[in-house]
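Coordinate inspection notes
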Amino acid sequence: MTRLIEAGSAADCAHCGERVKFRARERHRQVICNVYVDGRWDRVEHYHEPCYAAAGSPYGDPVD
Ligand SMILES: [Zn+2]
């Protein structure tokens, strides 16, 4: 499952390693992924939207 993140937080992109800054007006340009391992929450990964696509959308299509 993937979600768009709230404005004001920041993390490093899991694909390119660059800082991802989350701004409300750019909310469609970044992706946050809740990663589950064996059905249990494991971690959160952040991507720039283009990086997520470049990575092959490993956790499915983003949803609001
Ligand atoms: Zn990136």
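The paragraphs below set out a description of the structure included in this document. Since the model is a prediction, treat every value here as computed from it, not as a measurement.

Criteria and thresholds
- Residues numbered from 1 in each chain as written.
- Predicted model: local features only at pLDDT ≥ 70, side-chain atom pairs only at ≥ 80, totals over all residues.
- Heavy atoms only, no water.
- Helix = DSSP H or I, 4+ residues; strand = E, 2+ residues; numbered from the N terminus.
- Buried < 20%, exposed > 50% of the residue type's maximum accessible area, 1.4 Å probe, protein only.
- Polar contact = N/O pair within 3.5 Å; in protein donor to acceptor, adjacent residues only side chain to side chain.
- Contact = heavy atoms within 4.5 Å.

Tracing the backbone through its elements, the reader meets Asn34 in strand β4 (residues 30-37). Assessed through its relative accessible area of 17%, Asn34 is described here as buried. Among the polar contacts listed, one links the side chain of Asn34 to the side chain of Trp41, at a separation of 3.0 Å.

Before going further, it helps to spend a moment on the environment of Cys51. Of note, Cys51 is situated in helix α1 (residues 49-54). For Cys51, a relative accessible area of 12% gives the class buried. The spacing of Cys51 and Cys16 is 35 residues in sequence and 7.0 Å in space, taken between C-alpha atoms. Contacts of Cys51, omitting those with residues within four sequence positions, involve Cys13, His15 and Cys16.

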